[in-house]
Amino acid sequence: MRKIDSPIGPAVGAVRTAPGPAVQLDDIDRILLDQLARDGRMTNSALADVAGIAPSTCLGRVRSLVERGVIRGFHADIDPAALGRNLQAMIAVRVQANARPHLAEFGEQLAVLDEVLNVYFIAGADDYLIHVATADTEGLRVFVLEHLSAHPAVASTETILIFEHVRPRTSPMG
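These notes cover the structure that comes with them. Computed from a predicted structure; not experimentally measured.

Calculation notes
Residues numbered from 1 in each chain as written. Predicted model: local features only at pLDDT ≥ 70, side-chain atom pairs only at ≥ 80, totals over all residues. Heavy atoms only, no water. Pairing = 2+ DSSP bridges. Helix = DSSP H or I, 4+ residues; strand = E, 2+ residues; numbered from the N terminus. Axes fitted to C-alpha atoms, helices over the stretch in contact; angles between N-to-C directions. Parallel < 35°, antiparallel > 145°, perpendicular 65-115°, else oblique. Contact = heavy atoms within 4.5 Å. Nonpolar A, V, L, I, M, F, W, Y, C, P; charged D, E, K, R; others polar. Core = buried A, V, L, I, M, F, W, Y, C linked by side-chain atoms within 4.5 Å. Buried < 20%, exposed > 50% of the residue type's maximum accessible area, 1.4 Å probe, protein only. Left-handed = near helix turned anticlockwise from the far one by under 90°.

**What to know about the pairing of strand 2 (residues 116-121)**
Line of reasoning, step 1. Relative to strand 3 (residues 128-134), strand 2 runs antiparallel, the two being bridged by five bridges. Looking at strand 3, one finds that Val119 is bridged to Ile130.
Line of reasoning, step 2. In this antiparallel pair of consecutive strands, strand 2 and strand 3, the connection spans six residues, and Gly124 shows a positive phi of 120°.

Take a look at the structure:
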């Protein structure tokens, strides 16, 4: 995943995230988060105006939110179809019992592959849910055969095609 710069600072590339402890947020933090979720390219000055704080205070608060892991990064959400990757799928992966001590390593191996958009370590019968985008069904078939079925840690896979993605509203405030 390539890093890009936002008006606030550098983007974070592909990283492993896990639920962390609850972070204390005040009303100003919530305003900043709501606005950035709506428009991650909002300038610091505009963000400060909306929150009713000085630009220097705003910049410090946003940096603090990044450092505390509340803001995980700033990135461009690029439609894979625009890059010729028209077919998206979710692939459920179950690993061999003897590979379980190396689950994190397996997930990191998947995360660097060009076709992979997201890697989720999940609970349940399967161990991973992999979101991929390929040019066509042949590309998907090759991905599954070369990177999953041929991998010694993989016990089984199940591929689910994505017909449409309905995006939730952008506010984190629910």
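Back to the text.
**Comments concerning the packing of helix 1 (residues 27-38) against helix 3 (residues 55-67)**
Line of reasoning, step 1. In contact at an axis separation of 11 Å, helix 1 and helix 3 are set at 80° when each is read in the N-to-C sense. In terms of their interaxial angle, helix 1 and helix 3 are classed as roughly perpendicular. Residues Ile28, Asp29, Leu32, Leu33 and Leu36 of helix 1 form the contact with helix 3, whose own contacting residues are Cys58, Arg61, Val62 and Leu65.
Line of reasoning, step 2. Here the residues of the contact of helix 1 with helix 3 are counted per class, giving seven nonpolar, no polar and two charged.

**A short note on the nonpolar core**
The nonpolar side chains of a soluble globular protein tend to be buried, and buried together.
Line of reasoning, step 1. In terms of nonpolar packing, the biggest core is built from 20 residues, with Ile91, Val93, Phe106, Ile130, Val132, Phe143 and Leu148 touching the most fellow members.
Line of reasoning, step 2. Broken down by secondary-structure element, the contributors of at least two residues to this core are strand 1 (87-95), helix 4 (103-111), strand 3 and helix 5 (137-149).
Line of reasoning, step 3. Per-element tally for this core: the top contributor is strand 1, with five residues.
Line of reasoning, step 4. Excluding residues within four positions of it along the chain, Val132 makes contact with Leu87, Gln88, Ala89, Ile91, Glu115, Val116, Leu117, Leu140 and Phe143.
Line of reasoning, step 5. In this structure, Leu32, Leu36, Ala51 and Phe74 belong to the second largest nonpolar core, which totals 13 residues.

**What about the packing of helix 1 against helix 2 (residues 44-51)?**
Line of reasoning, step 1. Look at helix 1 against helix 2: their axes get within 10 Å of each other, and the N-to-C directions meet at 130°. It follows from the interaxial angle that helix 1 and helix 2 lie oblique. Note on packing geometry: the crossing formed by helix 1 with helix 2 is right-handed. Two secondary-structure elements touch here, helix 1 through Ile28, Ile31, Leu32, Gln35 and Leu36 and helix 2 through Leu47, Val50 and Ala51.
Line of reasoning, step 2. For the contact of helix 1 with helix 2, the residue count by class is seven nonpolar, one polar and no charged.

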